[in-house]
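Structural features, examined
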Amino acid sequence: MQVSIQQLVYWKMIERGRKNGRGFYLYKKNKISWSWSKKQRQVDTTIYELLNIQPKAILSEQEIVQRCIMLMLNEATSCLDEGVIRHVNDGEIGAVFGIGFPPFTGGPFRYMDQQGISNIVDIMYRLAQKYGNNFVPCERLMQMAKSNKKFHQ
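What comes next is a walk through the structure. Fair warning: this is a prediction, and the values are worked out from it, not measured in the lab. (Residues numbered from 1 in each chain as written. Predicted model: local features only at pLDDT ≥ 70, side-chain atom pairs only at ≥ 80, totals over all residues. Heavy atoms only, no water.)

A short note on the pattern of salt bridges
Close approach of charged atoms lets side chains of opposite charge pair. The full count for this structure, using the stated rule, is two salt bridges. Glu 63 is the partner of Lys 130 in a salt bridge, and the nearest nitrogen-oxygen pair spans 3.2 Å. Placement of Lys 130 in helix H6 (residues 117-131) and of Glu 63 in helix H3 (residues 61-81) is noted, with a sequence separation of 67 residues between them. (Salt bridge = Lys/Arg side-chain N within 4 Å of Asp/Glu carboxyl O. Helix = DSSP H or I, 4+ residues; strand = E, 2+ residues; numbered from the N terminus.)

Description of the side chain of Glu 63
Under the relative-accessibility criterion, Glu 63 is labelled buried at 10%. Contact partners of Glu 63, with chain neighbours within four places excluded, come to Arg 126, Leu 127, Lys 130 and Tyr 131. (Buried < 20%, exposed > 50% of the residue type's maximum accessible area, 1.4 Å probe, protein only. Contact = heavy atoms within 4.5 Å.)

Quick notes on the side chain of Thr 105
Turning to its location among the elements, Thr 105 is positioned in the loop between helix H4 (88-98) and helix H5 (108-115). Here the side chain of Thr 105 touches Pro 102 through a polar contact of 2.6 Å, landing on its backbone oxygen. Setting aside anything within four residues of it in sequence, one finds Thr 105 in contact with Arg 110, Tyr 111 and Gln 114. (Polar contact = N/O pair within 3.5 Å; in protein donor to acceptor, adjacent residues only side chain to side chain.)

Some details on the environment of Asn 74
Looking at where Asn 74 falls in the secondary structure, it is placed in helix H3. In sequence terms Asn 74 and Ile 120 are 46 residues apart; their C-alpha atoms lie 9.4 Å from each other. In this structure Asn 74 touches Met 124, Asn 134, Val 136, Pro 137, Cys 138 and Leu 141, once residues within four positions along its chain are discounted.

Examining H3
With 21 residues, H3 ought to run about 30 Å at 1.5 Å a step, and its terminal C-alpha atoms sit 31 Å apart, in line with that. Taken as a whole, H3 has its buried residues at Glu 63, Gln 66, Ile 69, Met 70, Leu 73, Asn 74, Ala 76, Thr 77, Ser 78, Cys 79 and Leu 80. Buried residues in H3 make contact with H4, H5, H6 and helix H7 (139-147). Downstream of H3 by one or two residues, Gly 83 has phi in the positive range, about 80°. (Expected span 1.5 Å × (residues − 1).)

Notes on H5
Among the residues of H5, Pro 108, Phe 109, Met 112 and Asp 113 are the ones counted as buried. Seen from one end, H5 has its buried residues packed into an arc of 140°, which puts them on one side. Its buried side turned inward, H5 meets H3, H4, H6 and H7. Of the residues one or two after H5, Gly 116 is the one with positive phi, at around 95°. (Arc of directions from axis to C-beta.)

With respect to the nonpolar core
Among the nonpolar cores identified, the biggest contains 25 residues, and Met 70, Leu 73, Phe 109, Met 112, Ile 117, Leu 141 and Phe 151 are the most heavily contacted of them. For this core, the element with the most residues is H6, which contributes seven residues. (Core = buried A, V, L, I, M, F, W, Y, C linked by side-chain atoms within 4.5 Å.)

Focus: the packing of aromatic side chains
Within this structure, the stated rule accounts for three aromatic pairs. A centroid spacing of 6.3 Å and a plane angle of 70° characterise the contact between Phe 101 and Tyr 111, whose relative ring orientation is edge-to-face. Within this pair, whereas Phe 101 is found in the loop between H4 and H5, its partner Tyr 111 is found in helix H5, the two being separated by 10 residues in sequence. Measuring from ring centre to ring centre gives 6.2 Å for Tyr 131 and Phe 135, while their planes differ by 55°; the resulting arrangement is tilted. In this structure Tyr 131 comes out as partly exposed when scored by relative accessible area, which is 27%. Classification of Phe 135 as buried rests on a relative accessible area of 5%. A cation over an aromatic ring shows up here: Arg 67 above the ring of Tyr 131, its NZ or CZ 3.9 Å from the ring centre. (Phe/Tyr/Trp six-rings, centres within 6.5 Å; stacked < 30°, edge-to-face > 60°. Lys NZ or Arg CZ within 6 Å of the ring centre and 35° of its normal.)

This is how it looks when you write it as structure tokens:
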């Protein structure tokens with residue numbers, strides 16, 4: 001019986017894992033640590049052989065975070081423009097409780113105010129040049145950056 005790559009990867013994901021001390025990550029024998037810090041994570045490199053790939057770190061952590069957050073910020077502003085939400089406070093509450101936006105930031109609009117709208121727009125333009133039009137800031141953000149306005153006055 002010949003086993004496909006998908007079956008091998010599935011087996012590695014399902015049949016192994018933290019509870020067995022094996023899987024995509026290496027774990028210390030007879031000690032299951034539930035903390036998940038970077039220093040304790042070590043990738044089991046056999047997965048690369050199974051998938052016939054060479055891993056490359058091409059994105060920094062900061063860029064990964066920016067790519068995720070900037071899309072949400074742009075979409076939140078578009079929702080305000082289109083009347084999906086009536087007030088920025090509705091957007092703050094909905095984003096934190098509804099989609100898990102980091103609560104310590106106060107929500108997407110408070111986060112943009114804290115970081116500076118012009119800084120957010122600059123990051124979006126940089127990401128748009130590198131990754132495409134999904135990151136182009138909406139009209140309201142561009143106008144707010146020019147006039148140095150905030151969502152919360």
